[in-house]
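Breakdown of the fold
Below are the chains, spelled out letter by letter.
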Amino acid sequence: MDTRTLTAAFSAKGGTATGGEIYGEMTKASFQRVVECLIEKAELGPDSCFLDIGAGLGKPNMHVAVYPGVKHSIGIEILPVIWHVGVNRRPICPNLRGEG
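Residues numbered from 1 in each chain as written. Predicted model: local features only at pLDDT ≥ 70, side-chain atom pairs only at ≥ 80, totals over all residues. Heavy atoms only, no water.

**Considering the overall build of the chain**
Looking only at helices and strands, the chain features 4 helices and 3 strands. Scanning the chain from its N terminus toward the C terminus, one meets helices and strands in the order α-α-β-α-β-α-β. Each of the 100 residues in the chain was classed as buried or not, and the buried ones make up 33%. Pairs at least 24 residues apart make up 52% of the contacts formed inside the chain by residues separated by at least 6 positions. For the chain, the computed accessible surface area is about 6,200 Å², with 60% contributed by carbon and sulfur atoms. (Helix = DSSP H or I, 4+ residues; strand = E, 2+ residues; numbered from the N terminus. Buried < 20%, exposed > 50% of the residue type's maximum accessible area, 1.4 Å probe, protein only. Contact = heavy atoms within 4.5 Å. Areas by Shrake-Rupley, 256 points an atom, 1.4 Å probe, with all protein chains shown as cover.)

So this is what it looks like as C-alpha cells:
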C-alpha cells in the first residue's frame, strides 16, 4: 500500500492534516519522524504491537501497519462516530484490529 491509498482513505472525513475536524492531527511527515524515533529508540518493527489510545480515525495505526509493518496495530477510540469511520477503513490494512 502506498501513501496515496492512505491519503484517499482519510481525506473524506477532513483527515488530511490541513485544518480538518479531527483534533490534534499531525502531518504524515511529522508522524513519520515519530515513527523513525520509535524505530531507533524503541526498536519498533515487524514483531511490535503499536497501541494508540485516543486513536481517532486510526491514521497512526494505519501508518505503522504499513511502515514499519508492525505485527499488531491497535487503536482505542471512545467516540462512536469517529471509531466507526476508522473501523470501516480497516480492510485496506488487514493487520489493524477494529473491535468494538
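**Describing helix α2 (residues 28-42)**
In a regular helix each residue adds 1.5 Å, so 15 residues correspond to 21 Å; α2 covers 20 Å between its end C-alpha atoms and thus fits that length. Two residues or fewer after α2 comes Glu43, characterised by a positive phi angle close to 55°. (Expected span 1.5 Å × (residues − 1).)

**Some remarks on the pattern of salt bridges**
Enumeration over the complete set of coordinates arrives at 1 salt bridge. One salt bridge connects Glu40 with Lys41, and the closest N-O pair in it is separated by 3.7 Å. Assessed through its relative accessible area of 60%, Glu40 is described here as exposed. (Salt bridge = Lys/Arg side-chain N within 4 Å of Asp/Glu carboxyl O.)

**A few points about the side chain of Asp52**
Mapped onto the elements of the fold, Asp52 is located in strand β1 (residues 49-53). One buried charge, Asp52, has no salt-bridge partner; the nearest side chain with opposite charge is Lys59, at 10 Å. If sequence neighbours within four positions are ignored, Asp52 has contacts with Pro60, Asn61, Ile74, Gly75 and Ile76. (Lys, Arg positive; Asp, Glu negative; His and termini not counted.)

**Overview of the pairing of strand β2 (residues 72-76)**
Here 5 bridges tie β1 to β2, and the two strands are oriented parallel to one another. Residue pairing for β2: Cys49 is matched across the bridge by His72. Regarding topology, helix α3 (residues 59-66) serves as the crossover connection from β1 to the parallel β2, and that connection is right-handed. (Pairing = 2+ DSSP bridges. Right-handed = clockwise from strand over helix to strand, strands pointing away.)

**Details of unusual backbone geometry**
Cis geometry is found at the peptide bond from Tyr67 to Pro68, where omega equals 10°. Its location among the elements puts Pro68 in the loop between α3 and β2. For Glu43, which is not a glycine, the phi torsion comes out positive at approximately 55°. Relative accessible area serves as the criterion here: at 67%, Glu43 is assigned to the exposed category.

On their own, these measurements won't tell you what the molecule is for.
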